[in-house]
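# Structural features, examined
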Amino acid sequence: MTDKFDKVPADPDPSADAVSKTGGDIPPEAMKAIPVRHYGRWISAVVVLALLALLINAFATAKKIQWNAVGEYVFDSTVLAGAGRTLLISVLAMIMGVVLGVILAVMRMSKNPVTSSVAWFYIWIFRGTPVYVQLLIWFNLALVFETLNLGPIYKDEMVQVMTPFMAALLGLGLNEAAYMAEICRAGLMAVDEGQTEAAHALGMSHGKTLRRIVIPQAMRVIVPPTGNEFINMLKTSSLVYVVTYNELLRATSTIGSTSYAVMEMLFVACIWYLVMTSVFSVFQYYLERRYARGSLRQLPPTPWQKVKANMLGMGRERGAGA
Amino acid sequence: MTAMVKAEGVHKSFGAVQVLKGIDLEVQTGEVFCLIGPSGSGKSTFLRCINHLEKINAGRLYVDGELVGYRQKGDKLYELKDSEVALQRRDIGMVFQRFNLFPHMTALENVMEAPVQVKGTNKAQAKERARELLDRVGLADKAGNYPSQLSGGQQQRVAIARALAMDPKLMLFDEPTSALDPELVGDVLDVMRDLAESGMTMVVVTHEMGFAREVGDSLVFMDGGVVVESGDPREVLTNPQHERTQAFLSKVL
């Protein structure tokens, strides 16, 4: 990674750069050699492009796909509301997953055998059963518990409490917590023990050591898989279709079945899922970059820096005859 | 002169393995006390017992007259709470073989961390003091660098500055130069020599016999979890009395 970044020329003139690299005495004459021809690369590129063209052509010319319907419904208010709900439920379930996951990870690593076993049991149950089934169980809870009775604090009919939204949130969030717990635990264990010792030797308490020294370093290990979990969550949230929560997939399918544009509406859903996952991927990149501080000698370039470097580097590559 | 560290019959075992089998020694205030011995002799373990990173199994260990990790009431011994142990450790600086700098903080932030977080020193003051300390170890220009951007010798000097930032009354060095390239050892030893001249009480586990001879006030040779020989470093190193000391020194000198 550092290599690539080092190649960014300080000045755009490739020949001047070559001089400085040799140490500045007498510039040797540039190597004049006929580059190796990579015929295989050309052939494979042509084959791949041809196949891709065939595929695109099949979709573009298919008579039964009404492409104008896709365009028409992409910004439909029902679809946008559905996409909004997908985002909402994903974010809320993820927050629930992270908070509970951290608690579970700490419980799991605790010296108290009761708390660590309870956390183990939770993770075993929620990771060991499909999230689809878990969603159905929450949704149908009223079948076995007619009322929710939290003593003096709260009491209501279960049907009133377990709305599609609640079932979706609990189903996704509690499931996510089990995965987040394992991710957090791995992150905390990845921090060298010498760090804790150094902090303790300076007189820092357990809590401060965890907060100031261990967690910031664990974040480097925790953030990338957490980002992946969120991207997964955006897509997994389509499963809450089954608890009749009106998210993106449900919104688009409803339109699809009434307007006889089933496939078209699925494409619309795909477009929005792609938009959401892509936007988040960019955000994740910057987040990871932030937590890489100190662990890399040089931070990786931002996408924009990469584009600039590539544009400058292009001419240079050609100039060198690669 | 009073004893800064006093050990009476200190025992330590890891499971069934007995690492320290009754250590008795005294480190006087202001002296440089060197611990030498073959690996596995228990010298690092003993050092780690002094600031309670390891719990001793038997015996008594005092720092500046205070029992480490325990409180004695009558004839009963009470374990100290974590917060009380932390309070004792404030006054004892430690430098590790593998530096253990905090990699997510710059050199300056590493040195500021403990005064700000533990003592509650205000940031501006801590920063000024941290700059002074980095200057003292010859790294004023590296304040903004992360540990990964520093050489081993520079990292170890930052680690010394970090320990000094708490104004300790005692400094522990656990083989501070063993993980360094040979040409970087000198810089770290120079800093330690300066520190010794300023009157700091230092306990140094080391393989640098030159340093022990030149800077050390007392020296202890440990082997197999016991003190084999002790005395003036120049005396012990040039004219060892005990057979095992002779064997060890003939290999390292």
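The structure displayed is predicted, hence computed values, not measured ones.

### Examining the interface of chain B and chain A
The interface is formed by 26 residues belonging to chain B together with 21 residues belonging to chain A. Taken together, both faces of the contact between chain B and chain A bury some 2100 Å²; the carbon and sulfur share is 55%. The interface formed by chain B and chain A contains two salt bridges. The residue Arg-212 of chain A makes a salt bridge to Glu-113 of chain B at a minimum N-O spacing of 2.7 Å. Linking chain B with chain A are seven residue pairs in polar contact (both at pLDDT 80 or more). Secondary structure elements with two or more residues in the side of chain B that touches chain A: helix H2 (82-89), strand S8 (92-95), helix H3 (107-119) and helix H5 (152-164) of chain B. Residue contributions to the side of chain B that touches chain A peak at four residues, all from H3 of chain B. Counted by class, the side of chain B that touches chain A contains 14 nonpolar, six polar and six charged residues.

### Quick notes on the pattern of salt bridges
Tallied over the full model, the rule gives 19 salt bridges over all chains. Note that Glu-29 of chain A and Lys-32 of chain A form a salt bridge whose closest N and O atoms lie 3.5 Å from each other. Judged by relative accessible area, which is 69%, Glu-29 of chain A ranks as exposed. Two residues, Arg-193 of chain B and Glu-214 of chain B, come together in a salt bridge whose shortest N-O distance is 3.2 Å. Residue Arg-193 of chain B is located in helix H6 (residues 182-197), and its partner Glu-214 of chain B is located in helix H7 (residues 209-215); the two are separated by 21 residues in the primary sequence. The structure contains a network of salt bridges with shared partners spanning Arg-108, Glu-182 and Arg-185 of chain A.

### Quick notes on the UniProt feature "domain: ABC transporter" (unreviewed entry) in chain B
Residues annotated in UniProt with the feature "domain: ABC transporter" (unreviewed entry) correspond here to residues 5-249 of chain B. Helix makes up 38% of residues 5-249 of chain B and strand makes up 28%, while its end C-alpha atoms are separated by 26 Å.

### Looking at the nonpolar core
In terms of nonpolar packing, the biggest core is built from 55 residues, with Tyr-122 and Leu-248 of chain A touching the most fellow members. Elements that contribute at least two residues to this core include exactly helix H4 (67-74), helix H5 (77-109), helix H6 (113-128), helix H7 (131-139), helix H9 (164-190), helix H11 (206-236), helix H12 (248-259) and helix H13 (262-291) of chain A. In terms of residue count, H9 of chain A provides more of this core than any other element does, 13 residues in total. Apart from the residues lying within four places of it in its own chain, the contact partners of Leu-248 of chain A are Val-79, Gly-82, Ala-83, Thr-86, Ala-269, Trp-272, Tyr-273 and Met-276 of chain A. With 50 residues, the next largest nonpolar core counts Val-32, Ala-126, Phe-221 and Leu-249 of chain B among its residues.

### Here's the deal with the pairing of strand S4 (residues 58-63) of chain B
Residues and elements named next belong to chain B. Pairing analysis gives five bridges linking strand S1 (residues 3-14) to S4, with the strands arranged antiparallel. Each residue of the ladder has a partner; that of Ala-7, found in S4, is Leu-61. Bridge count for S4 against strand S5 (residues 66-67) is two bridges, and the pairing is antiparallel. Looking at S5, one finds that Val-63 is bridged to Glu-66. The antiparallel hairpin formed by S4 and S5 contains two residues in its connecting segment, where Asp-64 sits at a positive phi of about 55°.

### Regarding unusual backbone geometry
A positive phi angle, near 50°, is found at Tyr-260 of chain A, a position not held by glycine. On the accessibility criterion, Tyr-260 of chain A (71% relative accessible area) is exposed. Look at Asp-64 of chain B: it is not a glycine, yet its phi comes out positive at around 55°. In this fold, Asp-64 of chain B is placed in the loop between S4 and S5.

What counts as what
Residues numbered from 1 in each chain as written. Chains lettered and ligands numbered in written order. Predicted model: local features only at pLDDT ≥ 70, side-chain atom pairs only at ≥ 80, totals over all residues. Heavy atoms only, no water. Contact = heavy atoms within 4.5 Å. Buried area = accessible area lost by both parts, 1.4 Å probe. Salt bridge = Lys/Arg side-chain N within 4 Å of Asp/Glu carboxyl O. Polar contact = N/O pair within 3.5 Å; in protein donor to acceptor, adjacent residues only side chain to side chain. Helix = DSSP H or I, 4+ residues; strand = E, 2+ residues; numbered from the N terminus. Nonpolar A, V, L, I, M, F, W, Y, C, P; charged D, E, K, R; others polar. Buried < 20%, exposed > 50% of the residue type's maximum accessible area, 1.4 Å probe, protein only. UniProt positions renumbered as here; feature names shortened; annotations may be inferred. Core = buried A, V, L, I, M, F, W, Y, C linked by side-chain atoms within 4.5 Å. Pairing = 2+ DSSP bridges.

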